[in-house]
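Each chain, letter by letter, is given below.
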Amino acid sequence: MSLVHRPNDFAIMIRYYTRLLLTWITTFILACGSADARTEDETFSSRQLDFFENRIRPLLIQHCLECHGPAKSENGLRLDSRSAILQGGDSGPAAIAGMPQDSMLIQSISHAGDYDMPPNKKLEDQEISALSQWIAMSLPWPAKRPELKELTPIEKIHNHQTQHWAFQPVTSPAIPEVKQPARSALDRLVIANLETKKLSLSPRADRRTLIRRATFDLTGLPPTFEQVEKFTGDTSPDAYEKLIDRLLASPAYGERWARHWLDIARYADTSGYTLDNKDNRYPFAFSYRDYVIDSLNNDLPYNDFIREQLAADYLDIPEDKKSLAALGFISVGRKYLARPDTIDDQVDVVTRGLMGLTVSCARCHDHKYDAIPTQDYYSLYGIFNNNEVPKELPLLGTPQQRTQFQDYFNSLKKRKEQAQALRNKHYDLRLKHIRSNFSDYIAHVIAPGQGDLIASQPFTKLTKSEVQSNIVKQWRSFFSKNRNEPTVVKPTLALLAIPDDQFAWKAKLQIEEWEKSPDRQALAKKYLKRLIAQPPQTKIELANIIGQLFSETISAWAEAGSPQPRTGNFPLPDDGLAQFVFAKKSPANFPLNELDNYLDPDAKTAIQNIDKEIEKLNNHPPDQLARAMVIQDKSNLTQTRVMIRGNQHRRGDVAPRQFVAVLSPLENGEIKREPFKNKSGRLELADKIASPDNPLTARVFVNRVWMHHFSKPLVNTPSDFGIRCSPPVQSALLDYLASEFMKNNWSIKHLHKTIMLSDTYCQTSKDRLPCTGIDPENTLLWKMNRRRLEFESLRDSMLAVSGQLDSRMHGKPEKLFGAVQSRRKTIYGEIDRQNLPGIYRVFDLPNPDQSAAKRTRTTVPQQSLFMINSPFVAAQANHLMKNVSKNNEIPLDQIKQLYRILFQRDPTLLEIEVGSQYINSAQLSHKPENLSPLASYAQVLLCTNEFEFID
Amino acid sequence: MQRENNNESSLSRRNLLKRCGTGLAALGLAGILHDDRMLHASTTAPDEALNPLLAKPPHFRGKAKRVIHLFMNGGPSHVDTFDYKPELQKRDGQKLPFTLKTERKTGVALASPFKFKQYGESGIHVSELFHHTAQHIDDIAVVNSMHADVPNHEPSLLLMNCGESRLVRPSVGSWITYGLGTENQNLPGYIALCPGGYPIKDTQNWQSAFLPGVFQGTHVDTKHKSIEKLIEHVTNAQLTRQQQRQQLNTLNRLNQIHREQAGTDPVLEARIQSYELAFRMQMEATDVFDVSQEPQHVLDAYGKGVNARQLLIARRLVERGVRYVQVWHGHGQPWDNHDDLEVNHRRLAGECDQGIGALLSDLKQRGLLDETLVIWGGEFGRTPVVELPKAGSNAGKINGRDHNHHGFTVWMAGGGVKGGQTYGATDEFGFKATENPVHVHDLHATMLQLLGFNHKKLTYRYAGRDFRLTDVHGNVIHDLIDS
């Protein structure tokens, strides 16, 4: 199907992805009078046919064909082919091509004509609207498939693979000839589009504008006055290219562009909500952020960048192990309370972030639009579900670098040993206590709630306050779980069942009976012997008998040199008692890991305190210590099954770990793909994504880069290139950039240069006629777009001009605001995803819980409140004031200095006048507690549009 | 309706109107556009959503213009407040014929220690805990058949606030400010009042998720009284208002000079405007939180304590056009009375009942109630049976109730709600919603309906999908709406 757009078909080029847009399209077609009836064999555009396949075909099948199809043709009408619809039934044609309002079909389904169809249920508004659009488009219908049948999954994949623009291989487009002079191939592609509308590029911006634009673009900071002077004075022909090279080589480049990538990677320094107030910090998330900064600065090819972020652990690992930090891409997302949600986020960041494919939509059902079956979702799910976070994250840095942390590791080790020692000590104490006081505790089991009675018994040793309620609880639970234990518990329970007033004589009878009975072997011999020797008179006495038996059993073992048998090996001849006393869950022999259940509150607190210290040490390592937030493959890989409707308790077919079908080749009606073989398959997945044959990866990435240069992407939905995404107006440009990008070894810096050296990039940002009328959105790129500084650039620029910027790179995040104001770049600010500082949201930082395709851009008063009232801005204004008043006492010179620092130009006479007037009048009302007049003037300049916008 | 960053479609409204000329009206399609609310999208710059908080009309005329959500976080017991169960009283201490699984082990029936009485013409039973609120019962629709999904705080809070218990989704208030904007640009459009800190799940309760950040709720810790602790950056420590005015005048002059060179650009204009808005917000915000401006009889009517104060603040906020105010009883989960329910519920209701009653009177007197939807409830209710002791989870006093998502009560008043009725019912003991069950999604659908939205059409495109508050669920409960 042809993908070439007819120029007069501009509106139809827009994808039909909302009902609204559909309405627009109809309106446009109708308004333009293009409502000509087409003939049956007329070909339709692929977009029109897509629309039919996705919106109309299912509708007709679901609602109409039962009565108006091959089986039945009510009223002589069939709706299963285009010609049948146009021909109609007994009441005349069902549709008139291009004229939905006059078509009986629309009248009937709108319940506005002679018929109300379908008879049982009115269609949804958007369904009616879709059918109207379709008729307005002259009922697009594929020529080869006149009959209506639901597409098989393979057919759907075939359709998408052959028809959807974004799934076509990336090829370098032919570079058109253009009338205007053009610097580069990129420009010729842009100009060719402009010329179809008789438009042209805007003139080149002046030197000062260019250096400001490029410097903000690549570093997020303003140039200095000296840099601007030098550049405007540089007459060499390659002055501009040298500028771009210098900026690309600056470390600030990586910091600026890493932030763009972190939006996609939904980066944060915390894991989200935790139960029981557990520390939710990701103490080493920053190593991923630093990895991104360094990779960009080193111009790591983008395909390697992808491979490392998905599978660095499969690749060669350098001595300092820094590439392992790349795996943070997978692991810095929110940790949901349910694992499937965490894995879902990982599938989402990989597919939407790297390929612009919304695979996560297929979690509960097949994708509603794209050819992504649920099984494909679980194929990818299976890859990430077979990963785990290792107990200890790998330490970064060379072995020499790592030695500096010896003290820290020693103290950590010491604490761990202390904790262990404390545990062992309390374990021994508890065990000793339990083993020395059997009779006491068993009395509490036998006579619950009778503490006074128990304390008054001659055989008990503990006072009421010495009895530990949690140990009583453990004994009770042990006895109740062993109700049928034959040697001690069962016979004891039998005795306890006797009413109190008859106990003495009935117990005796029972004991005598046991003695005679043939199965008495079951009852512990020693126990029986004891019962016979001194028949208990009251129930409580049983406690003493059993307690003594237990003590003796323990002593016998101790004498045999085996005080704490743990293994269940019983070297002594045994009548069953020992097995019981030393049973796995017996309080007399509880395992160390159940110590918490036996501790008294004080000991528990002591142990918890030291555990907390260990956690604190783990979460607050020395500043320079970095670990990689890796994931690793599980040693036992498990097979993943589809979760039916996303429910993890309802499992369907096996989903082999493999790539998605729609991006795998289709040969003879079969999808050619192999299940991944290498461990969880992460590297194979990475290779499929970072492949020149993948039609999405390069396109998606160059579109993102373009978006940050022009503040507007070429494809409006940067993380959704699925079938509901229309081909961009600049599709040739997109493909050119993508193919150049791959040809140049996926070099991101080369891509920047390709874009930034073009005339298109260097245009002025001014409006001009007639372009504003013909293309008000600047889709055709007849000017540069004016941009507002994002929050990071705004804050960093204020620090830069005030001379306060701490330009140290890397390392632990800092809180930006609060008691101590950080002076570091905003990218080093701590991002707590659970309680994201309000100021971040106010300034449109995206939600760090989901991969963000692009930022919203809002203008709200809270942003201005920050500018006029925050201590941060006041502090920068103060520093500015100090800097300019150091050597200048004359206000005029100070104003001039401020303009040079902030705007890299000299003020006009009018601006000087406005400034002096302000300073003078501020002087009049000045009081000691006020911001000084000059500082408050500097603050005004920080608030100006000239400071916040880039031309 | 609007797609992922609606601001950047290649066919902006301006562009479209230019292309189509009169075609729109001629074809009668303006109505559809109106339904889709695109005609109310930014009319100036196609490229930037300038101030997305500007007031916008909904899909159709809704009686409610704003919302006050009184959030009894922790889960108030419905059988002790608004769900009268005589049968439960009779069976006190007995084993019920059935029990349902809740978070913890429960035992025998626990009669309500509180007295119930009939109020108003409607004669609805309300417990003594809310006798002030009950004076307004004829304006209140008591929904006794609410139910949620699970008996745990975290997911239930998210479900009640964001319509989804696990994943990150925008809160109700965010959806509503996204749909309606706000009427007073000098104040945030969506405010969450919570004294002392955050509830469980923190700021996620008022998150905007993938909606633009401006639609996130602004948290105000009403424990504080001084304005600079209530709203960030709303005061200036170093300059007086007058000095700031001078600053802004100079700023305007400089921006004017800049405009002459840069050309007229709505984005630049918007920035200029936003400084003026910010300047006014300083005054208005300071003003609105200062309840001492109220006459003594109003202060007396609301009563004492932080809840009384924040209920009065809520009235002052909606009166000034704030779209959505959520009033949390306190940080953490105050109503979560696993033990000592009688003592605690009495104390908690004592803290807010008088204020709620006063708020309803006050709104009514000022003619605001008709347009203000007031909602009361928690994330779930509590069991009619007693909670059994469990080490580490309660004090084991055997005089409290466990969480109950099977059935609970929420009430609504004002804003087009048909008052003086109970809707739906739990079984005879109050365990499970049996008659006309109302899921949280249904409550949300009904709220949106009252505000003039078709809950199926208030959508936002994100990650390739049109999301909505009610996801794929929700039925409007028309019986709750005064027709």
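For clarity, every value in this text was computed on a predicted model and none was experimentally measured.

Caption draft 1: Quick look at the domain arrangement of chain B. Here the domain parsing of chain B yields domain 1 (6-40), domain 2 (66-231 + 289-480) and domain 3 (241-277). The gap between the C-alpha centroids of domain 2 of chain B and domain 3 of chain B is 43 Å.

Caption draft 2: Representation of the pairing of strand β5 (residues 140-147) of chain B within the structure. Residues and elements named next belong to chain B. Counted residue by residue, β5 has 8 buried out of 8 residues, so it is predominantly covered. Pairing between β5 and strand β13 (residues 421-423): 3 bridges, direction parallel. Across the sheet, Ala141 pairs through a bridge with Gln421, a residue of β13. Pairing analysis gives 2 bridges linking β5 to strand β16 (residues 438-439), with the strands arranged parallel. Bridge pairing in β16 places His147 opposite His439.

Caption draft 3: Molecular detail of helix α12 (residues 285-297) of chain A. Residues and elements named next belong to chain A. A rise of 1.5 Å per residue sets the reference length of α12, with its 13 residues, at 18 Å; its end C-alpha atoms lie 19 Å apart and thus fit the reference within 8%. With 12 of 13 residues buried, α12 is to be regarded as a mostly interior element. Among all positions of α12, only Ala285, Phe286, Ser287, Tyr288, Arg289, Asp290, Tyr291, Val292, Ile293, Ser295, Leu296 and Asn297 are buried. Contacts from the buried residues of α12 go to α11 (251-264), α13 (302-311), α14 (328-331) and α31 (748-756). Asp299 lies just past α12 and shows a positive phi near 50°.

Caption draft 4: Just helix α13 (residues 341-365) of chain B, in detail. Compared with the 36 Å implied by 1.5 Å per residue over 25 residues, the 35 Å span of α13 of chain B between its first and last C-alpha is a close match. Gly350 of chain B marks the point of greatest bend in α13 of chain B, at about 35°.

Caption draft 5: Fine view of the pairing of strand β8 (residues 324-328) of chain B. Residue and element names in this part refer to chain B. Extensive coverage of β8 is indicated by the burial of 5 of its 5 residues. Here β8 shows a buried face lined by Tyr324, Gln326 and Trp328 and a second buried face lined by Val325 and Val327. With 5 bridges joining them, strand β1 (residues 66-71) and β8 adopt parallel strand pairing. Residue Ile68 lies in a different strand from β8, and its bridge partner there is Val325. Here strand β6 (residues 190-193) pairs with β8 via 4 bridges, running parallel. What sits directly across from Ala192, in β8, is Gln326.

Caption draft 6: Main features of the environment of Ala326 of chain A. Residues and elements named next belong to chain A. Mapped onto the secondary structure, Ala326 falls in the loop between α13 and α14. Assessed through the 28 C-beta atoms surrounding it within 10 Å, Ala326 is described here as buried. Beyond its immediate sequence surroundings of up to four residues, Ala326 is in contact with Tyr291, Glu308, Gln309 and Ala312.

Caption draft 7: The sheet that holds strand β2 (residues 106-109) of chain B, seen in detail. Residue and element names in this part refer to chain B. What the 3 strands build is an open sheet, ordered β2-β10-β11; its pairing is antiparallel. A strand with exactly one partner marks an edge of an open sheet, and here the two such strands are β2 and β11 (401-404). In this sheet, adjacent strand axes meet at a mean angle of 60° when their direction is disregarded. Two elements, strand β10 (residues 381-387) and β11, share 3 bridges in a ladder whose sense is antiparallel. For Arg382, the partnering residue across the bridge sits in β11 and is His403.

Caption draft 8: Focus on the environment of Gly92 of chain A. Tracing the sequence through the fold places Gly92 of chain A in the loop between α3 (82-87) and α4 (104-109). Remark: the alpha-carbon pair of Gly92 of chain A and Gln863 of chain A, spanning 771 residues in sequence, is separated by 63 Å.

Caption draft 9: Region of interest: the packing of α11 of chain A against α12 of chain A. Residues and elements named next belong to chain A. Between α11 and α12, whose axes approach to 8 Å, the crossing angle comes to 125°. When the axis of α11 is compared with that of α12, the two are oblique. Remark: the crossing between α11 and α12 carries right-handed chirality. Between α11 and α12, the residues in contact are Pro251, Tyr253, Gly254, Glu255, Trp257, Ala258, Trp261 and Leu262 and Arg289, Val292, Ile293, Asp294, Leu296 and Asn297, respectively. Here the residues of the contact of α11 with α12 are counted per class, giving 9 nonpolar, 2 polar and 3 charged.

Rules behind the numbers
Residues numbered from 1 in each chain as written. Chains lettered and ligands numbered in written order. Predicted model: local features only at pLDDT ≥ 70, side-chain atom pairs only at ≥ 80, totals over all residues. Domains from an automatic or database assignment. Buried ≥ 20, exposed ≤ 12 C-beta atoms within 10 Å, placed from the backbone. Helix = DSSP H or I, 4+ residues; strand = E, 2+ residues; numbered from the N terminus. Pairing = 2+ DSSP bridges. Expected span 1.5 Å × (residues − 1). Contact = placed C-beta atoms within 7 Å. Bend = angle between axes of the 7 residues up to and from the residue. Axes fitted to C-alpha atoms, helices over the stretch in contact; angles between N-to-C directions. Parallel < 35°, antiparallel > 145°, perpendicular 65-115°, else oblique. Left-handed = near helix turned anticlockwise from the far one by under 90°. Nonpolar A, V, L, I, M, F, W, Y, C, P; charged D, E, K, R; others polar.

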